[in-house]
Amino acid sequence: MFEQTERGKDYEGRLNAFMDEFVYPAEPVYHEQMREVGPHGMPQVLEDLKAEAKSQGLWNLFHPHPEWGPGLTNSEYAPLAEITGRSIEIAPEAINCNAPDTGNMEVFTLFGTDEHKEKYLKPLLDGTMASAFAMTEPAVASSDATNIELLMKKDGDEYILDGRKWFASNAMHPNLGVFIVMGKTDPNADTHRQQSMMVVPADAPGVTIVRNLPVFGYDDREGHAEVIFDQVRVPAKDVLKGEGEGFAISQARLGPGRIHHCMRAIGCAERALELMCKRAEERVTFGQKLSQRANIQDWIAESRIEIDQARLLTLHAAHLMDTVGNKVARTLISEIKVAAPVMALKVIDRAIQVHGGGGVTNDFPLASMYAHMRTLRLADGPDEVHKMTIARHELKKYRK
């Protein structure tokens, strides 16, 4: 069922070669240049990688619409996302397949006006602009999106936005050009018709980036910002799809995005397992290689089993999305969103243990991987929300 197409195999081969020849050698250069340009600067090596990826036709691989990208299916793209997950800090952006831009580009493709596509989608596809998605709020439990309080009040042909967001990923990016903002347009409407999404230029009057939010002490280059929207005026033409359509857009946006996240998590786990095995072969304790010790062999075997299980589950979800649609595949998408990051954390944790003290330093990518994967258990809905979806689906089978 999960045999890759010939087109997919071609992209896999070329992307693996790109990773070997350009991305992995660029990792130490990237970290050196980041120390020079500051936590949210744009290192030259990343721009060089982007130019190389474009020249090789390894660009916008995520985009399923042939007008704007290669038109790969979820099943074809999933293994490519896994490959980029092996170098999670730079590979996704090097081929213009990084969140949240990928999701925002799909939103502009599906729901944007011609003006939005010209002004925002095209620069995003070209990699000359970055975008942020502003949904989560510090004052409410945003795992229940109906709690969101940012008010979008109609005023003639405009809406006035007032509220505070945080964890707006990409908001510290030097090329930030636009926000997609979710807020409440009608508190009295049906529960899932109260919310709308609007397009807000990053330099709109009243938009203030308050601070970056470090994650486990890491200042991610793209940033996770706290943002205030104070009397921000948005023309009615910049309401995406129409008033009250925020939840519908969310579902269209998050399905493919979760496949991307989960496959990158699997790639991250594969890299961690590779590092674990190499370290176990190199290190000797009490007269024996680590690789000869039964507990280390158990960790390696368990890691291989768990990675393969998560991959098959994620590819199954991708297959269902391609064949029966996101709505039917919803429960399986929730399953992978729980399973893949939890699996990756287990594997990375074992690899850290095998590396000893070095595993928690920046001499190896494991500590950064761990921070990324732990954060992923909260991004796009925490585990508990997805488990609730899964449980409700199961219980429905037994209701009379």
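Residues numbered from 1 in each chain as written. Predicted model: local features only at pLDDT ≥ 70, side-chain atom pairs only at ≥ 80, totals over all residues. Heavy atoms only, no water.

Looking up the chain in an unreviewed UniProt entry gives the name Acyl-CoA dehydrogenase, C-terminal domain protein, with the organism given as Brevibacterium mcbrellneri ATCC 49030. What UniProt records for the chain under Cofactor (unreviewed entry) is the sentence "FAD". Recorded in UniProt under Sequence similarities (unreviewed entry), the annotation for the chain is "Belongs to the acyl-CoA dehydrogenase family." (UniProt positions renumbered as here; feature names shortened; annotations may be inferred.)

Trainee: Talk me through the packing of aromatic side chains; I want residue IDs and the actual numbers.
Mentor: Counting across every chain of the model gives 4 aromatic pairs. Plain terms: the ring middles of Phe 108 and Tyr 120 are 5.7 Å apart, the flat faces sit at 20° to each other, and that makes the pair stacked. On the criterion of sequence distance, the pair formed by Phe 108 in helix α5 (residues 101-111) and Tyr 120 in helix α6 (residues 114-126) is long-range, its members being 12 residues apart. Judged by relative accessible area, Phe 108 falls into the buried class, the value being 0%. Residues Phe 179 and Phe 229 carry aromatic rings whose centres are separated by 5.7 Å and whose planes lie at 80° to one another, so their mutual orientation is edge-to-face. Of this pair, Phe 179 sits in strand β4 (residues 176-184) while Phe 229 sits in strand β7 (residues 224-235), and the two are 50 residues apart along the sequence. Taking relative accessible area as the criterion, Phe 229 reaches 1% and is therefore assigned buried. (Phe/Tyr/Trp six-rings, centres within 6.5 Å; stacked < 30°, edge-to-face > 60°. Helix = DSSP H or I, 4+ residues; strand = E, 2+ residues; numbered from the N terminus. Buried < 20%, exposed > 50% of the residue type's maximum accessible area, 1.4 Å probe, protein only.)

Trainee: Can you tell me about the environment of Ile 352, naming the residues and giving the values?
Mentor: One can find Ile 352 in helix α9 (residues 330-355). Note on Ile 352: relative accessible area 11%, which makes it buried.

Trainee: Mind laying out the pairing of strand β3 (residues 158-169), listing which residues take part and the relevant values?
Mentor: The sheet contact formed by strand β2 (residues 151-155) and β3 spans 5 bridges and is antiparallel. Bridge pairing links Lys 153 to Ile 160 in β3. Following β2, the chain reverses through 2 residues before pairing antiparallel with β3; Gly 156 in that reversal takes a positive phi of roughly 65°. Looking at chain direction, β3 and β7 are connected through 9 bridges and run antiparallel. (Pairing = 2+ DSSP bridges.)

Trainee: So, the nonpolar core: which residues are in play, and what are the values?
Mentor: In this structure, Leu 61, Ile 348 and Met 373 are the most contacted members of the largest nonpolar core, which totals 89 residues. Those residues in contact with Leu 61 that sit more than four places away from it in its chain are Tyr 11, Pro 70, Leu 72, Tyr 77, Leu 80, Ile 95 and Cys 97. If you look at the next biggest cluster of nonpolar residues, it comprises 22 residues, including Ala 134, Met 152, Leu 161 and Val 181. (Core = buried A, V, L, I, M, F, W, Y, C linked by side-chain atoms within 4.5 Å. Contact = heavy atoms within 4.5 Å.)

Trainee: Could you give me a rundown of helix α2 (residues 44-55), with the residues and numbers involved?
Mentor: Here α2 spans 17 Å end to end across 12 residues, near enough to the 16 Å set by a 1.5 Å rise per residue. Of the residues making up α2, those classed as buried are Val 45, Leu 46, Leu 49, Lys 50 and Ala 53. All buried residues of α2 fall inside an arc of 145° around its axis, so they share one side. Elements that come into contact with the buried residues of α2 comprise α1 (6-37) and α4 (91-94). Just past α2, the residue Gly 57 takes up positive phi, approximately 75°. (Expected span 1.5 Å × (residues − 1). Arc of directions from axis to C-beta.)

Trainee: I'd like a description of α5, backed by residues and values.
Mentor: Burial runs high along α5: 10 of the 11 residues are buried. Among the residues making up α5, those that are buried are Asp 101, Thr 102, Gly 103, Asn 104, Met 105, Glu 106, Val 107, Phe 108, Thr 109 and Phe 111.

Trainee: Summarise the domain arrangement of the chain; cite the residues concerned and give the values.
Mentor: Partitioning the chain into structural domains gives domain 1 (6-99), domain 2 (130-240) and domain 3 (247-397). Contacts between domain 2 and domain 3 engage 14 residues on the former and 13 residues on the latter. Both sides of the domain 2 and domain 3 interface together cover about 1,100 Å² of buried area, and 74% of this is carbon and sulfur. On the domain 2 side of the interface with domain 3, the three residues burying the most area are Met 197, Phe 216 and Tyr 218, jointly 39% of the side's total. For the pair domain 2 and domain 3, the number of links is 0 salt bridges. (Domains from an automatic or database assignment. Buried area = accessible area lost by both parts, 1.4 Å probe. Salt bridge = Lys/Arg side-chain N within 4 Å of Asp/Glu carboxyl O.)

Trainee: Which residues make up the environment of Ala 379, and what values go with them?
Mentor: Residue placement: Ala 379 occurs in the loop between α10 (366-376) and α11 (383-396). With 183 residues separating them in the primary sequence, Ala 379 and Ser 196 have C-alpha atoms 20 Å apart.

Trainee: Residues and numbers for the side chain of Asp 220, please.
Mentor: Following the sequence through the fold, Asp 220 ends up in the loop between β6 (207-212) and β7. In this structure the side chain of Asp 220 is engaged in a polar contact, spanning 2.8 Å, whose partner is the side chain of His 224. The contact partners of Asp 220, leaving out residues within four places of it in the chain, are Pro 39, His 40, Val 215 and His 372. (Polar contact = N/O pair within 3.5 Å; in protein donor to acceptor, adjacent residues only side chain to side chain.)

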